[in-house]
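Structural characterization, general
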Amino acid sequence: MLKLNDLSEIHEATDLANLFVRLGYENCFGQLNTENLQLSPVLEESIYRSYLLASYQETQLQVILFELKWDSDTVLKKNIKAIANNLSQRSNLFLILGTTDYERLFVVTTLTHFDKTKMSLEKIIKLSQVFLQPPELFDVHLFTKLAASGKDVRQLYQTHHKFNTFASQRTRDKQPELDSLGLYLNTIGKTKLLTPEQEILYSRQAQLWFQLKQVYDDWLKEHKTRPTDLEWAQKSDLSLPEFYQRFYLGKFARDKLTQANLRLVVKIAKKYQSSSYCLDLIDLIQEGNQGLMIAVEKFDPTKGCRFSTYAYHWIRQAITRAIQNYSSIIRLPVYIWDNKRKIDKTISEFKEAEIACSMENIAAYLEKSVQSIQEIIQYLEPILSLNIFVGDSEDTSLEQLIYDSKIEEELNLGLIREDLEEALSTLKPKEVDILKQRFGWDDGDYKSLQTVGNIYGVSRERIRQIENINLIRLRHLMSAYSNEYMKNSDSLRSESLNQNKISSTEPPPAPRRPSLSRKTNEVNDSNNNSLPFIYDELKVQKIRIFKCSGFSDDRIISILWKVPEDSPEFCRAKQEYQKLMNPTHN
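1. Some remarks on the packing of aromatic side chains
- If you walk through the whole model with that rule in mind, you get 17 aromatic pairs.
- Look at F20 and Y25: their rings are 5.4 Å apart centre to centre, the planes differ by 75 degrees, and that puts the pair in the edge-to-face class. Across the pair, exposure class does not vary: F20 and Y25 are buried alike.
- Through pairs of rings, three or more aromatic residues link up here, namely W209, F210, Y216, W232, F243, Y244, F247 and Y248.
- The positively charged end of K69 is found above the aromatic ring belonging to Y248, 2.9 Å away from the centroid.

Here you go:
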C-alpha cells in the first residue's frame with residue numbers, strides 16, 4: 001500500500017523506477033537515446049532526457065519517462081500527447097510519463113477504438129496529472145491503479161486507460177478566483193527550495209551556460225549574423241553533443257535557480273511597499289526579479305556564501321533604483337537619493353542622541369557644506385501641478401493664487417500710464433506734445449531740446465522752460481491724486497469694518513477714484529438693489545490682474561461675484577461689472 005511520503009520523496013528518475021518495481025513491474029531502468037525513438041525533430045527538441053523505467057510480462061508493456069524542457073502547460077500537454085501518438089504505432093504497449101521538475105507528472109495512455117458510425121479506427125489519447133509536490137490521496141490512488149496485479153497485459157493496460165479517463169476529468173481543490181498577483185504568489189509558493197548542494201551544482205551549470213551566451217554575443221557582434229549550432233559549438237571548443245548537453249543543462253539550472261528564489265524577491269519587495277507610492281507591489285516584484293536574474297549571472301559558488309545572501313543585495317538594489325526613477329516627475333541622479341538616505345539616517349541618529357538637527361550639525365557630521373545639504377533637500381521637495389483646485393469649494397486653481405511680480409509691475413505701469421494720461425489732459429495740446437517728444441512717450445525716441453525747438457520754431461531755452469513748468473504741474477497733480485486716493489481707501493475700509501460689526505446687509509458706497517480733470521466728476525450710482533459687492537480700487541486692481549492673466553469677463557464675474565454663469569443673478573452681476581469698469585460721468 002502506497003503512502004503520501006512515497007510520492008513526495010520522488011526527486012529523480014531512479015526514485016520513480018523504484019516505485020514501479022514496488023507496484024509489481026520488472027526492473028529494467030536505463031537511459032534511452034532519444035534519436036533511437038525516431039521522433040520528429042520538434043519533439044526531439046522538446047525532450048531533455050528519456051528513461052526506460054520498468055516493463056511488464058517480458059517487455060510487452062513498457063513504462064517510459066520523458067524529462068521535458070520548460071514550457072507552458074498547453075505546449076507540454078501537446079508534446080507529450082504527440083509522443084504517445086507516435087509510440088502507439090509500435091507493436092508494444094507504452095505507458096508514457098512526462099515531467100519537467102518532478103513536482104508534477106503527466107500520465108498518458110493511447111487505445112485504438114473502432115467507430116461503427118464512421119467505420120474507421122480512431123486513437124483515443126487520455127492524459128492525467130499526478131502531483132508529487134505536494135501529493136494528495138487521489139494521486140496515491142492513481143498510482144495504485146497503475147500497479148500490475150497479475151492480469152493480462154492488455155487487460156491491465158485497459159484498466160490504466162479507463163482510470164486515466166476518469167482522472168483527466170477531476171479537478172483540484174476549488175479555490176477562489178485570484179487576481180494576477182495572487183495567482184503569481186500561489187504559483188511560486190509551490191516551488192521547492194534548493195539545498196546548499198543543489199545551489200552549488202546549479203550555479204556551476206548556469207555559469208557554463210552564461211559562458212556559451214557570451215560566445216554567442218561575441219560572434220553576433222563580430223559577424224553581424226547569428227551562428228549555427230555547429231559554428232557555436234566550434235567557437236566554444238566543444239563537440240556538438242557536448243554543446244547540446246552543456247547548453248540545456250545550463251539553461252535548466254539557470255531557470256531552476258531563479259524560480260527557487262522568487263519568494264525571496266516577494267519578501268524584499270513587501271518591505272518597500274509602504275515607501276513606494278508610485279509603484280504597486282507587482283511592479284516592485286518585477287523589478288526585483290530583474291535583480292535576481294543579474295544575481296544568477298554573477299554568482300560565484302566558490303566564494304562560500306549562500307545564493308540567497310548574495311542575491312539579496314542585487315534584488316534590493318533593483319527595487320530601490322526603480323523607486324528612485326519613478327517616484328519623481330523629474331528624474332534625479334542616484335547620488336541625490338543616496339545623500340538623502342544618509343541625511344535621513346543622520347537625523348534619526350541625532351534625535352536618538354538628543355542632538356539639535358540643524359543644517360550645520362548635519363553638514364559637519366556628513367563632512368559636507370551647508371549649501372550642498374540645502375540643495376539636496378530642495379531637489380527632493382514635492383512637485384505640485386498649477387492646475388489643481390484648492391479651497392473648500394475647489395473652484396480656484398493654484399495658478400490663480402500664486403504671486404507674480406511681473407504681472408504686478410505691468411499693472412503698476414499701466415495704472416501709472418492711465419494716471420499720466422489723465423494728468424496730461426489738464427495741459428494744453430502743445431505742452432503735451434512737447435513733453436511726449438522730449439520723453440519718447442509714443443515711440444521711445446528721446447528728442448533733444450534743440451530738435452523740439454526747431455520743430456516749433458522757438459529757442460531751446462523756451463522748450464526747457466515749458467518742460468520744467470509743466471513737470472512741476474504734473475508732480476503736484478500726481479501727489480494730490482495719491483493722497484486723496486489713500487484717504488478714500490482708508491475711510492472705505494473703516495466703514496466696511498463698522499458695517500460688519502453691526503451685521504448690516506447694505507453694501508458700503510463704492511469710492512470713486514479722484515479725477516484729475518478741472519471739472520468735478522461724480523459717480524452716478526442710484527441702483528440700490530445691486531449685489532453685495534464693494535466697488536473699491538482693490539477690486540478694480542484684482543479685475544485687471546485677472547485680465548492680464550487671460551481670464552474672460554464672464555469668468556472674472558463668476559469668480560468675484562461668486563455666481564454661476566447660468567444663474568439669473570449673473571446678468572445683474574454683469575451690469576455691476578460694467579458700471580465698475582466704465583463709470584458714467586455727469
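Moving on from the coordinates now.
2. Some thoughts on the pattern of salt bridges
- The final tally for this structure, using the stated rule, is nine salt bridges.
- Note that E67 is salt-bridged to R49, the shortest N-O span being 3.6 Å. Of this pair, E67 sits in strand β3 (residues 61-68) while R49 sits in strand β2 (residues 47-56), and the two are 18 residues apart along the sequence.
- Ionic pairing is found between R306 and E199, a salt bridge with its closest N-O pair at 3.0 Å. On the criterion of sequence distance, the pair formed by R306 in the loop between α12 (281-298) and α13 (307-326) and E199 in helix α8 (residues 196-223) is long-range, its members being 107 residues apart.
- Given the relative accessible area of 6%, E199 is considered buried.

3. Side note on the pairing of strand β4 (residues 93-99)
- Among the seven residues in β4, seven count as buried, and that is most of the element.
- Side-chain alternation along β4 places L93, L95, L97 and T99 on one buried face and F94, I96 and G98 on a second face that is also buried.
- Between the parallel elements β3 and β4, the chain passes through helix α4 (residues 73-87) in a crossover that is right-handed.

4. Remarks on α12
- An ideal rise of 1.5 Å per residue puts 26 Å on 18 residues; α12 measures up with 26 Å between its terminal C-alpha atoms.
- Residues of α12 that are buried: L281, L284, I285, E287, G288, N289, G291, L292, A295 and V296.

5. Here's the deal with a negative patch on the surface
- Negative charge collects at one region of the surface, where E421, D433, D442, D443 and D445 lie side by side.
- Looking at the element boundaries, E421 is found in helix α18 (residues 405-424).

6. Let's talk about the side chain of E467
- Take E467: it is sitting in helix α21 (residues 460-501).
- Its relative accessible area of 9% is what places E467 among the buried residues.
- A polar contact of 2.8 Å, which involves the side chain of E467, links it to the side chain of R438.

Conventions we followed
- Residues numbered from 1 in each chain as written.
- Predicted model: local features only at pLDDT ≥ 70, side-chain atom pairs only at ≥ 80, totals over all residues.
- Heavy atoms only, no water.
- Phe/Tyr/Trp six-rings, centres within 6.5 Å; stacked < 30°, edge-to-face > 60°.
- Buried < 20%, exposed > 50% of the residue type's maximum accessible area, 1.4 Å probe, protein only.
- Lys NZ or Arg CZ within 6 Å of the ring centre and 35° of its normal.
- Salt bridge = Lys/Arg side-chain N within 4 Å of Asp/Glu carboxyl O.
- Helix = DSSP H or I, 4+ residues; strand = E, 2+ residues; numbered from the N terminus.
- Right-handed = clockwise from strand over helix to strand, strands pointing away.
- Expected span 1.5 Å × (residues − 1).
- Patch = residues over 30% accessible without salt bridge, like charges linked within 9 Å, V, L, I, M, F, W, Y side chains within 5 Å.
- Areas by Shrake-Rupley, 256 points an atom, 1.4 Å probe, with all protein chains shown as cover.
- Lys, Arg positive; Asp, Glu negative; His and termini not counted.
- Charge placed at Lys NZ, Arg CZ, Asp CG, Glu CD.
- Polar contact = N/O pair within 3.5 Å; in protein donor to acceptor, adjacent residues only side chain to side chain.

Keep in mind that these numbers describe shape and distance, not what the molecule does.
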